[in-house]
Each structure stands twice: as C-alpha cells, then as structure tokens.
Amino acid sequence: MLAAEQALIEFEIAVDTFRIEVENFSRLHHQRLGPMYSRLDELDALIAEAVAARTGDPEDIRRAREARGLVLPMPKVEELFHGWLDSDGLSPEGVAMLTEQPVQPPPRVRASEEARRIYRELARKAHPDLAEEEAERERRGEFIVRVNAAYAAGDEERLRALAEEWAAGPPPPERRWSRSEELYARLEWLAARKEMLAEAAAELESSAIGAMIKMAPEDPDGLLDEIAEQLLAKVAEKENELAELVR
C-alpha cells in the first residue's frame, strides 16, 4: 500500500510539474510569438490580394478571400474575452484586469532548479492523498494550491516561506492500520487515480504546446527564442515578397 501510494504521488508530481510548464509555455508563446503569427497571416493575405489584383484570376481572388478570412477568424469564447475567461473561470489576467492590478506573466517556462526541488519536496510531504481524515485532506489540498501557484510564478522565496510554514504546522496524523477490505478498496482507488493521471499526462504530451516542450526538455525557454528567430526570418521573407508584388 505504501509503495503504491508513494508511486502515485511521484507520478502526480511529475504530471503537475509538466502541466505548469505547459501552461507557462503556452502563455509566453502567445505573448511573445502571437504578434508574429498575426503579422504572417496579414502578410499572406496582402500577398494573395496583390496577386489577385495583378492577375484578376477567379482562383487567385478566391485564395485572397480565404487568406483574408484567416486574418479575422470567428472568435471562440476564450478569444472574445482575450483569454481572461475560460471553462475554469477567470484567468489571473482577468482577475488583474478587474482589480486594476498589473498583469504579471511568468518570467520563464521552467522555474529554477532550487524552486523545483522545494516544490517537489513540499508536494511529497503535504500531498492530500497522505491524509486519512477529511479535514486534514482539505487542509493539505488548500496548502498544495498555494504551493502550485508559487511554483507556477517561479517564486523561490515564496516556496521557501511555504516550506517553513509547513514545517511549523501541525504534524500529519499517524497512519493507522486498516482492515484488509479497506486496503483493497484503497488500492482500487489508487489504480483508478493513476489511470486518470495517465490520461491527463497523455493529453498534455500530445498537445501542440506539450510536443514543443518535448522538443527541448532541458531548455524550453531557449526554444521560444529559436522559434522567434525563425518567425522573424519568415516575416522578412514575406515582406520582401510583398514589396516585389506591389512595385
């Protein structure tokens, strides 16, 4: 039982760590590269329109209309609210907007190694699955939410303060031996939980952002710089192409 619980906790820590990195990478990707993608779409539309104006060919006109349509797609709910509102409610940006607080994007995809160490240690010690009583499970759950928020922000100092807070808090209740039937039920719950986490991990890894992080697992921040350079080169290439067409 102890081995199964510990294995599940380690797996959940790994999934949560990757989820936070995916969320940070997605936000930075949108903030840093979004304008470049928009510029490329605009240039594609301008080039297609210039070609259509020069040739008058119906097929070129159709392509120009399609290219222009991509520049102004039908927005989804998230896009209508500029990412401030999604299925989980208001994002940090939305809360900041409503409270007139400055929006603080994550400084990088991955926190420092020391922050990662403290985060993992706290997650292992304070994990809700280690609690037997519901009140203790809720206390741990609320604490882990704060730990996750500090890690997502890459706030090493805040993580250290949380570590001190946990060390000064009430010790976790002693584990009591359960009857064999309860142990089997617990093992079944652990197996179901692991299956759910495996599905979540597979979904993260198969996402576009997750796949990009997997391309550079040691330096995802550097990958953003590399993509930015490639996009800038494409923008320059298309701007030259457009200049040739409108001469």
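Residues numbered from 1 in each chain as written. Predicted model: local features only at pLDDT ≥ 70, side-chain atom pairs only at ≥ 80, totals over all residues. Heavy atoms only, no water.

### Examining the pattern of salt bridges
Pairs may arise between side chains of opposite charge once their charged atoms sit close together.
Here is step 1: As enumerated under the stated definition, the model contains 26 salt bridges in all.
Here is step 2: In this structure, R139 engages E136 in a salt bridge whose closest nitrogen and oxygen atoms are separated by 3.1 Å. Taken as a pair, R139 and E136 lie in helix α6 (residues 134-152) at a separation of three residues, close to a single helical turn.
Here is step 3: With relative accessibility at 27%, the residue R139 sits in the partly exposed group. (Salt bridge = Lys/Arg side-chain N within 4 Å of Asp/Glu carboxyl O. Helix = DSSP H or I, 4+ residues; strand = E, 2+ residues; numbered from the N terminus. Buried < 20%, exposed > 50% of the residue type's maximum accessible area, 1.4 Å probe, protein only.)

### Overview of the packing of aromatic side chains
Here is step 1: Overall, the coordinates contain two aromatic pairs when judged by the stated rule.
Here is step 2: When the ring of Y119 is compared with that of Y151, the centres are 4.3 Å apart and the planes differ by 15 degrees; the resulting orientation is stacked. One end of the pair, Y119, is in helix α5 (residues 113-126); the other, Y151, is in helix α6, and 32 residues separate them in sequence. The exposure classification of Y119 matches that of Y151, with both residues buried.
Here is step 3: In this arrangement the basic side chain of K214 is found over the ring face of F18, its NZ or CZ atom lying 5.0 Å from the centre. (Phe/Tyr/Trp six-rings, centres within 6.5 Å; stacked < 30°, edge-to-face > 60°. Lys NZ or Arg CZ within 6 Å of the ring centre and 35° of its normal.)

### Topic: the environment of F25
Here is step 1: Tracing the backbone through its elements, the reader meets F25 in helix α1 (residues 2-55).
Here is step 2: For the pair F25 and I213, spaced 188 residues apart in the sequence, the C-alpha separation amounts to 7.9 Å.

### Some points on the packing of α1 against helix α2 (residues 58-71)
Here is step 1: The contact between α1 and α2 brings their axes to 8 Å, and the two run at 160 degrees. As far as their axial angle goes, α2 and α1 are roughly antiparallel. Seen from above, α1 lies across α2 with left-handed handedness. Contacts between α1 and α2 pair D41, E42, D44, A45, L46, A48, E49, V51, A52 and T55 from the former with D60, I61, R63, A64, A67, R68, L70 and V71 from the latter.
Here is step 2: When grouped by side-chain class, the residues that make up the contact of α1 with α2 number ten nonpolar, one polar and seven charged. (Axes fitted to C-alpha atoms, helices over the stretch in contact; angles between N-to-C directions. Parallel < 35°, antiparallel > 145°, perpendicular 65-115°, else oblique. Left-handed = near helix turned anticlockwise from the far one by under 90°. Contact = heavy atoms within 4.5 Å. Nonpolar A, V, L, I, M, F, W, Y, C, P; charged D, E, K, R; others polar.)

### Some details on the nonpolar core
Considering soluble globular proteins, one finds that nonpolar side chains tend to be buried as a cluster.
Here is step 1: Counting 25 residues, the largest nonpolar core has F25 and L33 as its most contacted members.
Here is step 2: Those elements that place two or more of their residues in this core are α1, α8 (180-206), α9 (208-215) and α10 (220-245).
Here is step 3: For this core, the element with the highest residue contribution is α1, accounting for eleven residues.
Here is step 4: Excluding residues that lie within four positions of it along the chain, L33 makes contacts with L28, L224, I227, A228 and L231. (Core = buried A, V, L, I, M, F, W, Y, C linked by side-chain atoms within 4.5 Å.)

### Side note on the environment of A50
Here is step 1: Mapped onto the elements of the fold, A50 is located in helix α1.
Here is step 2: Residue classification places A50 among the buried positions, given a relative accessible area of 16%.
Here is step 3: Residue contacts for A50: discarding those within four places in its chain leaves L242, L245 and V246.

### A word on the confidence of the model for the protein
Here is step 1: For the protein, per-residue confidence averages 81 on the pLDDT scale, and residues scoring 70 or more make up 81% of the total.
Here is step 2: Of the regions scoring below 50 in pLDDT, residues 77-82 engages in six contacts with residues more than four places distant in sequence or in other chains. (pLDDT = per-residue confidence, 0-100.)

### Thoughts on the environment of R124
Here is step 1: When you line up the elements, R124 lands in helix α5.
Here is step 2: You can call R124 partly exposed: its relative accessible area is 31%.
Here is step 3: Remark: the alpha-carbon pair of R124 and I9, spanning 115 residues in sequence, is separated by 6.8 Å.
Here is step 4: Look past the residues within four positions of R124 in its chain and what remains in contact with it is I9, E10, I13 and L130.
Here is step 5: Polar side-chain contacts of R124 include one of 2.5 Å to the side chain of E10. (Polar contact = N/O pair within 3.5 Å; in protein donor to acceptor, adjacent residues only side chain to side chain.)

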